[in-house]
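Inside the fold
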Amino acid sequence: MLISRRKFLGSLGAAIGATTTGTLTKAYGAANKHFKGYPGSSGVLHDTTLCIGCRKCEQACNKVNDLPQPEKPFEDLGVLDKKRRTQADEFTVVNQFGTQEKVFVKKQCNHCLEPACASACFVKAFTKTPEGPVVYDASLCVGCRYCMVACPFDIPAYEYDKALAPRVTKCTMCAPRLEEGKLPGCVKACPREALIFGKRDTLLKIAKSRIQNFPDRYIDHVYGEHEMGGTSWLYLSGKPFETIGMREDLGTTSAPELTSGPLSAVPIIVGLWPVLLTGVYAISKRKDKIAKEEKEDALKAAELQANEDMNQKLEELREKITKEKTAAINFEVKKALEEVSKEAEAAKEKEAETQDIEESEEKGKQEE
Amino acid sequence: MDLDNQIPENKKFTVFNVVTGIILAGGLVLTVLRFTMGLGTVTNLDNTNPWGIWIGFDLLCGVALAAGGYVTSASCYIFGLKRFHLAVRPAILTAFLGYALVVLALHYDVGRPWRLPYPVFYSQGTSSLLFEVGLCVFLYLTVLLIEYSPAAMEWLGFKKLRNWVVKLTLLLTIFGVILSTLHQSSLGALFMIVPSKLHPLWYSSYLPVYFFISSMFAGMSMVIFEGSLAHRYLKYKMDETHLKESSGVAFGFAKAASLVMMGYFFIKIIGLSIGNNWHYLFTSWGLWFLLELIGFVLFPAILYAVGSREKNLVLVRLAAIWTVLGIMLNRLNISVVAFNWHLPSAQRYYPSFMEIATSVFIVTLGIVVYKFIVTRMPILHEHPDYKAH
C-alpha cells in the first residue's frame, strides 16, 4: 500500500512537472533573449506632421472592415473636438491636439513586436504573425478581457452590447488585404502620405533620415522603436509625444518580460513544495512519535521508580521490624538473663544461708 | 446522539428565508438580463475599464477569503497541529463553496462562459498568468470537492468509498497547498503586466508574494469569522468537541495571523523602499495606501496579538472582521481603485447597482447552500459512525 501510494505521488508530480515545464519554455525564453521582431516584418510609419485630420483613414477602415455606419458622417470634423479612443466598431480614430497649431494623431493597434494582448491571452486567441500584424481569433476567445487590461495603449475594444457572443475587436493591419497584396485600407486612403506602409526596418531608416534632414521639424525620437519592446507601427512628431496623447512612461520592457518572473517561479514551487511539505509532515510526525515514546518511557520510569520506592519502604519496614524484634528479644533476653542472674543470686544467697545454717549446725554438733 | 438531519421546526417565513428569497429572486432577474442584454446593460464596464467588481470582489476577494481551506488543512495534516482538526471540515466546505461561487461569478463576467474549459482542455495560452490561475483553480476546485466529499458520503452512507477517500487526505492537502500557492500568487501577478496603469504604491514586482502571504491571514481570519457566525446561528449542530475547543482554534489562528500580518507589513515597507515610492505617501493616494496598510493590516495585527495574549475572544473576532475588510480593500484597490488612477474621473469606473446586486446574489447563494449542507451533513460535528480521528 505504502509503495503504491508513493508511486502514485511520484507519477502525479512528474505529470505536473511535465505540463508546467512545457508551459514555461516561452516565458523563460522571453526573460533571456532580446527579441527584435520578426525579420522582414511589415509596419506603418505615421508622420503626424503631415496629418491634416481629414478622417479619410477612418472612413476607409470602416469600409474595408464592414463596420456599421457611425452616427455622424466621416466628413463631420466636429467629431475631432472630443478626444476619442478605439471602440468595438471603430478600429481607428484621429484625435486633435493643440489649439493654435493643431496636431492630428491617428490611433489604432500598434502591433507590438511582443504584444501584451497575446502574452496575456489564456487561450492564445491573439497571434503576432511573422508578417507583422497582430491578429485575433474569435473562435477561441472566452471574453475575459484580460487583453484589454494588459494593453498599454488601451486599444482592444469589446462588444459589450452582445449578450452571448461578444468579440474583442481591434485593427488587424488589414492582414487579409496584405495577403492579397493590397495596402492597409487607411494607408491607401491617406491623401497626404502621413501613413506609409513598408518593412519595419525600412520605415525606421526613413523616419531617422527625416529627423536628420529636418531637425527643426521633428522631435528626435521615433515612437514605437523601443516602446514596450517595440511596435510595428512607428510615429514621428513635431511636438513632445506626451502632449499629443502618447504616453512616454511606458518603458522599453516588453509585456512578456514583465510576467516572466512569476511564471518562472511555477516549476520551482511545483518541484520544491512537495519536498518541503512532506519534510514538514515527517518532522511533525516524528515529533509526535518521539513525544509518545518519551511519554511511554516516562511512564515506565515512573512505574519503576514507584516499585523501587515500594521495595525500599518494605525493606525499611522489614529492617525496622527486625530491629524492633531484636530489641524486643534482646530486652526479653536481658530481662530473662537478669531474672536468671537474680534467681541465681537469690539461690546463692539461699545457699549461703543454708550453708551458714549447716555450718552452724555442724559447729553446734561439734560443740556437742 | 445523531446531530445529522436535525433541523429545527420548519417555519417557512423566517427573516432569513424572506430576505434570501428576495435576493435570490432578484438574482434570477439579473441573470436573465445579463444573458439577454449583455454586459453593457448590467454593468458600468467599458473599453478602458474592462474589469469591475465581478473580478475585483467576486474573483480576487473570493479566492483570497477561501484560503481558509488550505491554511487549516495544512495546519492540521501537514504541520500536525491537531487542535485545528475540528476547523478543517467547515474550512474545506467554505473553501469549496467559495471557489465554486468564484467560477459561477465568472460565468456572468466572461463573454462566452461555455468556453471556460478552453484554456485547460482546448487551447492553452501558457504565457498568460490567467492561464495559471485558470488551471490551478480548476484543479483546486476538484481537490476541494474530493476533500469535502467524505462529509457528503458519511451523510449518504457510502462507507467504503468514504474510507478510501479519507486515505488520500495527506496527498490532497499537499496538492492543495501547491495549487493555492500558485494561483493565490498568480492573481497578484496578473497585474504585473500593467505597470503603466496601476498606481506605483500598489504596483510591485512582489505582487505575487503579497497576494500569497496575505491569503494566509485572509484564510485564518475567515475561519475565525465563520466560526463566530456558526457559534451564533448553528450552535445546535455542534458536538461537544466543537463547543469546547473552537475557541482554541480562534486563539491559535489569531496568534498566527498576527505574526504573518506583521511580516506582511514589513515586506510591504520593503517593497515601498525598493520602488523608492516614499514621495507618493504625501499625496492623497498615499493617505489611502497608509489607511490600507496601517488601518487594515497593522492595526488588526495588534488587535490579534492583544486578543490572543489576553485570551479575549471578542477582540479576536473583531480583529478577524477587520482583517477580512482589509483584504477586500486591498484587492479592490489593486483591481479597481488604483487601477487606471492616471485617468480623469469621468473615465474611471464605478460599479453599477446591478453589478453590486449580482455580487450580493452570489454571496447569498453561497450562504444558503452552506446552511443547507451544514444542517444536514457532519460538518460542525463528527458523524457517530466515524469517530476518533
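Look a little higher up for the structure.
Before going into details, it helps to say that this report is about the structure given with it. Source: prediction; values computed, not measured. (Residues numbered from 1 in each chain as written. Chains lettered and ligands numbered in written order. Predicted model: local features only at pLDDT ≥ 70, side-chain atom pairs only at ≥ 80, totals over all residues. Heavy atoms only, no water.)

**Overview of the packing of aromatic side chains**
As enumerated under the stated definition, the model contains 24 aromatic pairs over all chains in all. Ring centres 5.2 Å apart and planes at 45 degrees place the aromatic pair F126 of chain A and Y136 of chain A in the tilted group. Of the two residues, F126 of chain A sits in strand 4 (residues 126-128) while Y136 of chain A sits in strand 5 (residues 134-136), which places them 10 residues apart along the sequence. Relative accessible area serves as the criterion here: at 6%, F126 of chain A is assigned to the buried category. Overall, the relative accessible area of 21% leaves Y136 of chain A in the partly exposed class. Measuring from ring centre to ring centre gives 5.5 Å for F96 of chain B and Y148 of chain B, while their planes differ by 10 degrees; the resulting arrangement is stacked. (Phe/Tyr/Trp six-rings, centres within 6.5 Å; stacked < 30°, edge-to-face > 60°. Helix = DSSP H or I, 4+ residues; strand = E, 2+ residues; numbered from the N terminus. Buried < 20%, exposed > 50% of the residue type's maximum accessible area, 1.4 Å probe, protein only.)

**Brief notes about the packing of helix 5 (residues 85-109) of chain B against helix 11 (residues 240-274) of chain B**
Residue and element names in this part refer to chain B. One can describe the packing of helix 5 onto helix 11 by two numbers: an axis separation of 9 Å at closest approach and a directional angle of 85 degrees. Between helix 5 and helix 11, the crossing angle belongs to the class labelled roughly perpendicular. For the pair helix 5 and helix 11, the contacting residues are L86, A87 and P90 in the first and T241, H242, E245, S246 and V249 in the second. (Axes fitted to C-alpha atoms, helices over the stretch in contact; angles between N-to-C directions. Parallel < 35°, antiparallel > 145°, perpendicular 65-115°, else oblique. Contact = heavy atoms within 4.5 Å.)

**Looking at the interface of chain A and chain B**
Between chain A and chain B, the contact holds 61 residues from the first and 60 residues from the second. In total, chain A and chain B occlude about 5400 Å² of area from one another, counting both sides; carbon and sulfur atoms represent 64% of this. Summed over the shared surface of chain A and chain B, the result is 2 salt bridges. Of the charged contacts, one joins D154 of chain A and K197 of chain B as a salt bridge, the two residues approaching to 2.9 Å between their closest N and O atoms. Along the contact surface separating chain A from chain B lie 33 residue pairs in polar contact (both at pLDDT 80 or more). Of all elements in the fold, only helix 1 (2-32), helix 3 (116-120), helix 4 (146-150), strand 6 (157-158) and helix 8 (255-367) of chain A reach the threshold of two or more residues within the side of chain A that touches chain B. Broken down by element, the residue count for the side of chain A that touches chain B peaks at 15 residues, all from helix 8 of chain A. Grouping the constituent residues of the side of chain A that touches chain B by class yields 42 nonpolar, 9 polar and 10 charged. (Buried area = accessible area lost by both parts, 1.4 Å probe. Salt bridge = Lys/Arg side-chain N within 4 Å of Asp/Glu carboxyl O. Polar contact = N/O pair within 3.5 Å; in protein donor to acceptor, adjacent residues only side chain to side chain. Nonpolar A, V, L, I, M, F, W, Y, C, P; charged D, E, K, R; others polar.)

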